Protein chains: 2
Amino acid sequence: MESVDVIVVGAGIAGLTTARTLLQKDPSLKILVLEGKDRVGGRTLTVNVQTANHTTDKFDMGGQWVGRTQKELLALLDELKIELYDQYETGRKLAQMGNEKIRSYTASLPIFAAGTFSLYEVFDFLCNVFKMNRMSNKINLLDAFSWEGAAAADEQSVASYARSVSYTRSARDALDISIRAIYGAEAKRMSLLYHLLYCKSGGSFMDLTEITGNGAQAFRIKGGSQQISLKMAEALGDRVRLRTAVKHIETSEGGPTRVTVANGDKLECKRLVLAIPPNQCGKLEFSPPLGYMKRRLYDNMTPGHLIKFVVTYQSSFWRAEGRSGEIISAGRTSVPGEVLAVVCSFDATTCNGSPAIVGFIHAELHDWTASERCNAVVKDLVRFLGTKALSEFIAYEEKNWNTEPFNGGCPVDYVTPGNMDAFMSIRDMHYGVHFAGTETAVVWMGYMSGAIESGKRAANEVLYALELRDKVDHKYLNGSQFSVEYHHPHPPSDHYTDSPSPWRRRIFFTTAVLFGIYAVSKKYDLSYTARVFRPVEKSVFKWWTGMEWPH
Amino acid sequence: MESVDVIVVGAGIAGLTTARTLLQKDPSLKILVLEGKDRVGGRTLTVNVQTANHTTDKFDMGGQWVGRTQKELLALLDELKIELYDQYETGRKLAQMGNEKIRSYTASLPIFAAGTFSLYEVFDFLCNVFKMNRMSNKINLLDAFSWEGAAAADEQSVASYARSVSYTRSARDALDISIRAIYGAEAKRMSLLYHLLYCKSGGSFMDLTEITGNGAQAFRIKGGSQQISLKMAEALGDRVRLRTAVKHIETSEGGPTRVTVANGDKLECKRLVLAIPPNQCGKLEFSPPLGYMKRRLYDNMTPGHLIKFVVTYQSSFWRAEGRSGEIISAGRTSVPGEVLAVVCSFDATTCNGSPAIVGFIHAELHDWTASERCNAVVKDLVRFLGTKALSEFIAYEEKNWNTEPFNGGCPVDYVTPGNMDAFMSIRDMHYGVHFAGTETAVVWMGYMSGAIESGKRAANEVLYALELRDKVDHKYLNGSQFSVEYHHPHPPSDHYTDSPSPWRRRIFFTTAVLFGIYAVSKKYDLSYTARVFRPVEKSVFKWWTGMEWPH
């Protein structure tokens, strides 16, 4: 049986960062990176698409944007000598939400577009965002349940929260679209507490959605984001093994960890790092089995259902027309059941000047064929950008991440309502197994920057566990069980506290007594009023209880 | 390659009923039943436990109760000559909810125990149950979204609904306990719409929880419920193959369906029936892959985390003390983080007179060892039933269904919020593959009776697909795609309808104008009142927006 010091499962950004960090710290370590797919990069993928002037250019079909506060990513890009350029955002943006009308605005987000949306709608947007920010600011990234409102927020979906605080359809649509664009998921399926934690992790809700300022969409990567993984993998050489899916993991306290790969081969290591999405962790067999919390977590973290498209054009005609290429759309019309294709789009004209639009497609179109989706996307772009979106069309490229093996979806796995207690165990080790991957990050979780942070944390955990303690960078143990500040986050305990205010009871009993007096007066026909009210009472009683009035 | 007419995957009640029904209709059919475990019975399991007088008796560690309206189950038990006896329910019941106090009552449910609980609590219970019944009565079992409130109910978890309508902790506890007892799950993780559909499917919420009347816990089975499967399997003889887990399914339109089992063998059939829990369907590989809705469904139906226990005693001492043995408990105390073991219990004294208590354990105790759980259960029983619960103790037997292979949990897989649109596809075929299992039933879904109904439906679907149409019993095609009344249920379309009432806007603008007048008067120091109110304004503004008042 082949035996090494460390096995890393998954050659995405997190896994490759783990291996790279370990080798930087101790070049004598024997390391293997096992990857199920036939490529590295995980949820980043750069492909060639036909562009103007009969040439091709590279476009990102996975993670692609870089923000100004994503320090880990910016540092790694610097080390790997990969350059950035600005995401284009000059000009008017387009939005369809609240009704079928397409509206254009210049503010960074529709919530500030007071001229375009009605005052009532803008007020509603702003209140929603303020409330969300107020809640997310209270969240401790390492222990979400230290906030007193956490248990109630975890019970709710983002959509049921939005329904309870919004007055306009536009505000609900705006939140729905942003959740679709951020997570590739529907607001009704996500724990509100998870969303608040995610916002806090990236700075704030605005930072997740904006291009300007600290927004996550500030820059793009020259030559595409898959380069990050390709360059790291190149340096690792034959330590990276493709087409080697792990099936079974046997681990123990203090002893070695053994993995069985798809062709039946067994490999042994001192420490194992799983740098794969949580939903994929749930598909592995563990011996001894995972604890209850981890198992429930992996059963209840489901991947976003993102379909990403790139359409290349003869020219950036929208720029000439004073538009930024940014579109957000609820994709609903007044026709029952109709869903239009585009969720959101951005200008994707490359640094080489190849004009293009990039965007996401509604998951409802998942079962359509690629050519059907191409038609639907171009038709929807025509709705927003005019007929040039058809006449200048060159090529359509899409990536349906749901059908990608060893990912299950993109961009991120999210937590369903009621499972945030289990999420608190996401970084916990399982005997000799460590967990990396962007979902396990503390800062910018779900983004490339978070993947790098998680990889560095896992690498430092491994160094700690291998007793190479002088090599450990304690800064990167944040959130790890080896951190000196670690205390296991407690799920909400739901114990009995002091009695609630007696006023509810008092009001109830006063009402009951008044009702009693009324009922007695009615029974003995003490007044004409009582007789007059009888039919009303009967119908109220029937509406309330579903039963006939007792005789 | 071995080739048969029909392969049934899963030798639980649903799978065996499918095979049995097919053979009854056409004895010439070549049928195979493949089962991953080394036993038949699925989520029913009868074991021997040591009892009084140094003997042993049979106890059910899985599904065990029979209700008066479970016609399919009653008919099958009659055919198999299996007898029933009443669930014991004479005497006072015990409940701990709302606070630490143990309260006893004689009504069938605490919601009617007006002497024991305060009037305020009982009123709250009753309102909750009435509201839930009113909603569930509106649900169409074959198309949950035909009810106008369905989309909003699907966005919510049962717990967030309960929090919004309950005034007392007791009422919330009562609902939490009933959800734990019915589904082995927490209310905060379940779609409210799924719960309402489940209630409707079994009659009403009361029917799922009661022993009396049409309650699901009316009878027990002499000799245990696993007999049902054992007797059916015996009649099927060597058509049932144990330890044969299916891994891969290759199917096509009109062509044969091929399955690959764990040891690599391939089998071919004309039609395949998957009679396994939805969460297990999600672990199989399909080629061509499942559609988006089915895949999302299987990703988001998670199993209940039930741990069931039986404790045998020297005597039924609780009966002598005038207690029925029925306990329901929130399991919470005023100590933060403390969780007591027992969720609910019933008298389990067998028809042979072996005294015992059966019940469920909180999923939070999942990672404890069996002996730790034994201690916790007995200690908790002592709290309710007195010291005899310890002094007369004979044996403890438990079944942790979470660690059971090929089940993933018990008693039933439930739907997480926002996924009921996907649930509507649960009975839909995938080319040559049919789906059975109690979750796919229309009536009494989640119960043994539903398993039988689903097996009969799948069998009739197969007969229909094999063009043996004169043998099809159309009554059992209810909910099937072959049913003449079938129309595909539509998910909520969320299209734009007429504008909402203008009153919200009017009130908003009136308030805004009044606020404007007030602000102007304040700016120009028009009154002393304005100056007096300045500190209040500042603190309200800061609380609301988190920002300082602009100067």
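Residues numbered from 1 in each chain as written. Chains lettered and ligands numbered in written order. Predicted model: local features only at pLDDT ≥ 70, side-chain atom pairs only at ≥ 80, totals over all residues. Heavy atoms only, no water.

**Looking at the sheet that holds strand β19 (residues 356-361) of chain B**
All names here are of chain B.
Line of reasoning, step 1. Spatially, the seven strands line up as an open sheet ordered β8-β7-β17-β18-β19-β16-β20, and their pairing is mixed. If you trace the sheet from one side to the other, it starts and ends with β8 (103-105) and β20 (393-400), each paired once. Strand-to-strand twist across the sheet, computed as the mean angle between neighbouring axes with direction ignored, equals 20°.
Line of reasoning, step 2. Pairing analysis gives four bridges linking strand β7 (residues 92-96) to strand β17 (residues 323-329), with the strands arranged parallel. (Pairing = 2+ DSSP bridges. Helix = DSSP H or I, 4+ residues; strand = E, 2+ residues; numbered from the N terminus. Axes fitted to C-alpha atoms, helices over the stretch in contact; angles between N-to-C directions.)

**Re the pattern of salt bridges**
Residue and element names in this part refer to chain A.
Line of reasoning, step 1. Tallied over the full model, the rule gives 54 salt bridges over all chains.
Line of reasoning, step 2. Between Asp421 and Arg296 there is a salt bridge, and its shortest N-O distance comes to 2.9 Å. Of the two residues, Asp421 sits in helix α15 (residues 420-423) while Arg296 sits in helix α11 (residues 292-300), which places them 125 residues apart along the sequence.
Line of reasoning, step 3. Judged by its relative accessible area of 8%, Asp421 falls in the buried class.
Line of reasoning, step 4. Accessibility expressed as a relative area gives 2% for Arg296, which makes it buried.
Line of reasoning, step 5. Residues joined by salt bridges that share partners form a network here, namely Lys37, Arg39, Lys399 and Glu404. (Salt bridge = Lys/Arg side-chain N within 4 Å of Asp/Glu carboxyl O. Buried < 20%, exposed > 50% of the residue type's maximum accessible area, 1.4 Å probe, protein only.)

**Examining α11 of chain A**
Line of reasoning, step 1. Of all the nine residues making up α11 of chain A, seven are buried; the element is thus mostly covered by neighbouring parts of the structure.
Line of reasoning, step 2. Those residues of α11 of chain A that fall on the buried side of the exposure criterion are Tyr292, Lys294, Arg295, Arg296, Leu297, Tyr298 and Asn300 of chain A.
Line of reasoning, step 3. Lining the buried residues of α11 of chain A we find α10 (278-281), β15 (301-303), β21 (413-415), α15 and β22 (433-435) of chain A together with β15 (301-303) of chain B. (Contact = heavy atoms within 4.5 Å.)

**Focus: the environment of Cys269 of chain B**
Residue and element names in this part refer to chain B.
Line of reasoning, step 1. Of note, Cys269 is situated in strand β13 (residues 266-274).
Line of reasoning, step 2. Through-space distance from the C-alpha of Cys269 to that of Thr251 is 9.7 Å; in sequence the pair is 18 residues apart.
Line of reasoning, step 3. If we skip the residues at most four places from it in the chain, Cys269 touches Val4, Asp5, Val6, Ile7, Pro256 and Thr257.

The analysis is restricted to geometry; functional conclusions fall outside its scope.
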